[in-house]
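Survey of secondary and tertiary structure
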Amino acid sequence: MSFFKVVLTFLVILFLNKSSLSHGPSRQKVSESIQINALSEDVWKIVSNFKNFNWNNNIKETKADENKIGSERVIKFKSGESIKQKLERIDEKKMMINWRIIETDKKILPVNSYSAKVFVKSDNDKTKVIYKSGFYRGFMGNDPPLELN
């Protein structure tokens, strides 16, 4: 078969198969903020402590290496699921922390490539906390099952 026929056959198959023309999921973004009646330094002490996530009522236990870039933590939920995260960046001056999920139980958080940043901003005697994250749905291919979409 000539090269031209091989290419033509490939193109015909490609265009007849509609699923090959579609692409996977697009990246989703979340941005939330809240104002807290506390000093930013006090809020930052809690937010920046990568080793402790137990202030969340849904968390049973948190285990972490250290509080430095590259550290990993495992968050175990009361419902039995767990998530493993890696500390990507921490900036004391800007009061910003950034982590990435490296393993997740899809039952508790059906996502891929999840990354989050938290910013703590002083607002006189109050504090504004900004949470930003980006992620893909739990199923990276086309036609995902409902629980991973």
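Values in this document were obtained by computation on a predicted structure and should not be read as measured data.

1. Focus on the sheet that holds strand β1 (residues 28-36)
In spatial order, the strands read β1-β7-β6-β5-β4-β3-β2; together these 7 strands make up an open sheet with antiparallel pairing. Two strands lie at the open edges of the sheet, namely β1 and β2 (59-64), each paired on one side alone. In this sheet, neighbouring strand axes are inclined to one another by 20° on average, regardless of whether the strands run parallel or antiparallel. The sheet contact formed by β1 and strand β7 (residues 126-137) spans 9 bridges and is antiparallel. When the sheet's bridge partners are listed, Val30 is paired in β7 with Ser133. Against the sheet, helix α2 (residues 40-47) contacts β1, β4 (82-91), β5 (96-104), β6 (111-123) and β7, and its axis sits at roughly 160° relative to β6.

2. Thoughts on the packing of aromatic side chains
The final tally for this structure, using the stated rule, is 2 aromatic pairs. Plain terms: the ring middles of Trp99 and Tyr131 are 6.4 Å apart, the flat faces sit at 50° to each other, and that makes the pair tilted. Of this pair, Trp99 sits in strand β5 while Tyr131 sits in strand β7; the two residues are 32 residues apart in sequence, bridging distant segments of the chain. In this structure Trp99 comes out as buried when scored by relative accessible area, which is 7%. The exposure class assigned to Tyr131 is partly exposed, which follows from its relative accessible area of 24%. With 5.7 Å between their ring centres and 20° between their planes, Tyr114 and Phe135 make a pair best called stacked. Highlighted residues: Tyr114 in strand β6 and Phe135 in strand β7, separated in sequence by 21 residues. Residue class for Tyr114 comes out buried when judged on its relative accessible area of 10%.

Definitions and cut-offs
- Residues numbered from 1 in each chain as written.
- Predicted model: local features only at pLDDT ≥ 70, side-chain atom pairs only at ≥ 80, totals over all residues.
- Heavy atoms only, no water.
- Pairing = 2+ DSSP bridges.
- Helix = DSSP H or I, 4+ residues; strand = E, 2+ residues; numbered from the N terminus.
- Axes fitted to C-alpha atoms, helices over the stretch in contact; angles between N-to-C directions.
- Contact = heavy atoms within 4.5 Å.
- Phe/Tyr/Trp six-rings, centres within 6.5 Å; stacked < 30°, edge-to-face > 60°.
- Buried < 20%, exposed > 50% of the residue type's maximum accessible area, 1.4 Å probe, protein only.

Keep in mind these numbers describe shape, not what the thing actually does.
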